[in-house]
Amino acid sequence: MIFPMTKTPQAPAEAAPQLKPAFLLASFVAGLFVAPSGGAAEPACAPDALGVSRVIDIDRAKGAAVGLQTYPRTLDLRDHEVILTFDDGPAGPTPRVLDALAKECARATFFLIGRNAESLPALVKRAAAEGHTIAHHSYSHPDKTLRLMSEEAAKADIEKGIAAVDKALGAKSAPFFRFPGFADTPELVADLTSRGYTVFGSDLWASDWSKMTPKAELDLVLSRLEKNRKGIVLFHDSQGITAQMLPEFLRELKKRGYSLVHIRPGDTPTPIVAAGPDWTSTTEPIIAKTLGPKARLAPQTHEHQHGAQEAPKSSEP
Ligand SMILES: [Zn+2]
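Throughout this document, residue positions are counted from 1 along each chain, in the order its sequence is written. For a predicted model such as this one, the threshold for reporting local features is a pLDDT of at least 70, and the threshold for listing and counting side-chain atom pairs is 80 or more; totals across whole chains, interfaces and linings nevertheless cover every residue.

Chemist: Looking at this structure, I do not really get the overall build of the chain. What am I missing?
Modeler: In terms of helices and strands, the chain carries nine helices and twelve strands. Residue burial in the chain is summarised as follows: out of 317 residues, 51% are buried. Put simply, DSSP marks the helices as runs of H or I at least four residues long and the strands as runs of E at least two long, and each gets a number from the N terminus on. Exposure classes come from backbone-placed C-beta atoms, where a residue is buried if 20 or more other C-beta atoms lie within 10 Å of its own, exposed if 12 or fewer do, and partly exposed in between.

Chemist: Looking at this structure, I do not really get helix H5 (residues 151-169). What am I missing?
Modeler: An α-helical segment advances 3.6 residues per turn. Residues three or four places apart therefore align on the same side. Multiplying one less than the number of residues by 1.5 Å gives the expected span of a helix. Relative to the 27 Å expected for 19 residues at 1.5 Å per residue, H5 spans 27 Å between its end C-alpha atoms, a close match to the ideal helical length. Among all positions of H5, only Ala154, Ile158, Gly161, Ile162, Ala164, Val165 and Ala168 are buried. Around the axis of H5, the buried residues are gathered within 165° of arc, so they sit on the same side. Facing away from the buried side of H5 by over 90 degrees, the exposed positions are Glu152 and Ala153. Buried residues along H5 sit in contact with strand E5 (109-112), helix H3 (114-119), helix H4 (121-129), strand E6 (133-136), strand E7 (176-177) and helix H6 (186-194). At the exit of H5 stands glycine 170, carrying a positive phi of roughly 75°. Here, the arc refers to the directions that run from the helix axis to the C-beta atoms. Remark: residues whose backbone-derived C-beta atoms lie within 7 Å of one another are considered to be in contact.

Chemist: How do you make sense of the confidence of the model for the chain when you look at a structure like this?
Modeler: Caution is warranted with low-pLDDT regions, since their predicted coordinates should not be read in detail. The predicted model of the chain averages 85 in pLDDT, with 80% of residues at 70 or higher. Confidence over residues 1-41 falls short of pLDDT 50; this stretch has 93 contacts with residues more than four positions distant or in other chains. A residue's pLDDT is the predictor's confidence in that residue, given on a scale from 0 to 100. In this model, residues 300-317 is a region of pLDDT below 50 whose contacts with residues beyond four sequence positions or in other chains number 43 contacts.

Chemist: Got a minute to help me understand the packing of helix H7 (residues 214-228) against helix H8 (residues 240-255) in this structure?
Modeler: The axes used here are C-alpha line fits, helices contributing only the stretch in contact, and every angle between their N-to-C directions lies in the interval 0 to 180 degrees. Taken N-terminus to C-terminus, the directions of H7 and H8 make an angle of 45°; their axes are 9 Å apart at the nearest point. The angle between the axes of H7 and H8 places the two elements in the oblique class. Classified by chirality, the crossing of H8 by H7 is right-handed. Side by side, H7 and H8 meet where Pro214, Glu217, Leu218, Val221 and Leu222 of the first sit next to Ile241, Thr242, Gln244, Met245, Glu248, Phe249 and Glu252 of the second. Charged means Asp, Glu, Lys or Arg here, nonpolar means Ala, Val, Leu, Ile, Met, Phe, Trp, Tyr, Cys or Pro, and polar covers whatever is left, Gly included. The class makeup of the residues in the contact of H7 with H8 is seven nonpolar, two polar and three charged. Working rule for angles: under 35 degrees goes down as roughly parallel, over 145 as roughly antiparallel, 65 to 115 as roughly perpendicular, anything else as oblique. Handedness of a crossing is defined here by the sense of rotation of the near helix relative to the far one, left-handed for an anticlockwise turn of less than a right angle and right-handed for a clockwise turn.

Chemist: Can you help me understand the pairing of strand E1 (residues 54-59) in this one?
Modeler: Looking down a regular strand, the side chains alternate between one sheet face and the other. Among the six residues that make up E1, five are buried, leaving the element largely enclosed by the rest of the structure. In terms of strand pairing, E1 meets strand E11 (residues 259-266) through six bridges, oriented parallel. Of the residues in E11, the one forming a bridge with valine 55 is histidine 262. Two strands pair if DSSP finds at least two bridges between them.

Chemist: Please explain the nonpolar core as it appears in this structure.
Modeler: Side chains that are nonpolar tend, in soluble globular proteins, to be buried together. Each nonpolar core comprises buried Ala, Val, Leu, Ile, Met, Phe, Trp, Tyr and Cys residues, the members being joined through C-beta atoms within 7 Å. Membership of the largest hydrophobic core comes to 80 residues, with the highest contact counts inside it found for Val82, Ala106, Leu112, Val124, Ile134 and Val233. When residues of this core are assigned to their parent elements, the largest contribution, seven residues, is made by H8.

Chemist: Even after reading the chapter, I still don't get the environment of alanine 91, so can you show me in this structure?
Modeler: In this structure, alanine 91 sits in the loop between strand E4 (81-89) and helix H2 (94-103). Classification of alanine 91 by C-beta neighbours within 10 Å gives buried; the count is 22. For the pair formed by alanine 91 and glycine 240, sequence separation is 149 residues and the distance between their alpha carbons is 9.7 Å.

Chemist: Just checking my understanding: could you explain the pairing of E5 for this structure?
Modeler: Side chains of E5 alternate between two faces, with Thr109 and Phe111 and Phe110 and Leu112 buried alike. By the criterion used throughout, a crossover qualifies as right-handed when its path from the first strand across the helix to the second strand runs clockwise, the strands pointing away from the viewer. Taken together, E4, H2 and E5 form a β-α-β motif whose crossover is right-handed.

Chemist: Just checking my understanding: could you explain the packing of H4 against H5 for this structure?
Modeler: Helix-helix packing: each pair is described by the crossing angle between the helix axes and the interaxial distance. Running from amino to carboxyl end, H4 crosses H5 at an angle of 75°, the nearest separation of the two axes being 8 Å. Judged by the angle between their axes, H4 and H5 are roughly perpendicular. When H4 is examined against H5, the residues Pro121, Val124, Lys125 and Ala128 are found in contact with a partner set consisting of Val165, Ala168 and Leu169. Per-class residue counts for the contact of H4 with H5 are six nonpolar, no polar and one charged.

Chemist: Would you mind showing me how to read unusual backbone geometry here?
Modeler: Note that the residue after glycine 89, namely proline 90, is joined by a cis bond; omega there is -10°. Tracing the chain through its elements places proline 90 in the loop between E4 and H2. The backbone of threonine 145 sits at a positive phi, close to 75°, despite the residue not being glycine. Structurally, the position occupied by threonine 145 is in the loop between E6 and H5. For threonine 145, a count of 25 C-beta atoms within 10 Å corresponds to the buried category.

Right, dumping it as structure tokens:
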């Protein structure tokens with residue numbers, strides 16, 4: 001593809017920074033947690049692991065579209081709170097990403113490509129068993145994006161993806177969706193949100209679809225985070241450089257006083273905060289540049305750019 005395509009009442013009392021033991025934290029974080037079968041020992045995380053500071057429930061009864069790079073609203077995070085998200089897996093580097101997260105007792109949300117889930121179902125099950133949230137990113141991650149497909153074909157690709165992920169997981173995954181390349185349409189967003197899906201953009205990204213060293217990616221994403229001070233961060237577990245830089249990134253989060261927030265489906269209102277009056281879409285100008293004028297949405301749904309981050313250039317696996 002083209003590019004990376006890649007609330008609250010704050011869940012009161014969900015903060016549990018002292019829950020260090022892996023099993024405790026995992027079962028707390030995820031009602032979804034499935035104990036590893038076969039008596040395998042739970043890997044211990046480091047004594048000073050990053051962990052998860054709180055969990056935000058995303059209302060499964062009422063969908064929304066969040067993430068400031070695409071939508072004029074986002075999840076209501078506190079200063080120095082970070083949500084980790086990974087797109088395009090499962091893929092070759094995914095086990096190393098899961099290892100790095102496990103070592104820090106960290107939790108993330110994986111937006112899976114349906115056909116990858118079909119090929120690598122064990123990794124889908126592993127991610128869920130380790131307490132991560134399993135979400136959706138279409139079946140085929142079409143190069144031309146869902147926006148440029150007919151509405152019918154786009155909906156079919158989305159549904160096929162959801163079914164493939166659920167089948168690989170052997171359970172119902174989270175009603176969370178991220179558009180490949182952020183190339184949504186008002187109709188598709190309305191359809192998903194009316195069915196209780198929350199559509200995720202991102203608040204910042206690591207540009208890990210660009211050719212760079214792991215160290216360059218680390219410096220880039222940390223500098224963006226220091227500027228934003230919080231947010232939903234987008235990575236790709238399909239990218240080897242991300243798997244390489246992740247252990248150090250998680251250490252740096254801890255060192256710099258950031259805390260991790262995990263998201264999961266829930267039954268309370270999603271805590272959402274509106275963007276300021278000067279909000280503009282980061283992704284629309286990139287989509288227009290990448291896909292051409294055909295991809296442009298009507299001006300009332302998306303406005304213009306901001307340019308805080310450079311456009312992704314290279315294609316994605
Ligand atoms: Zn993607």
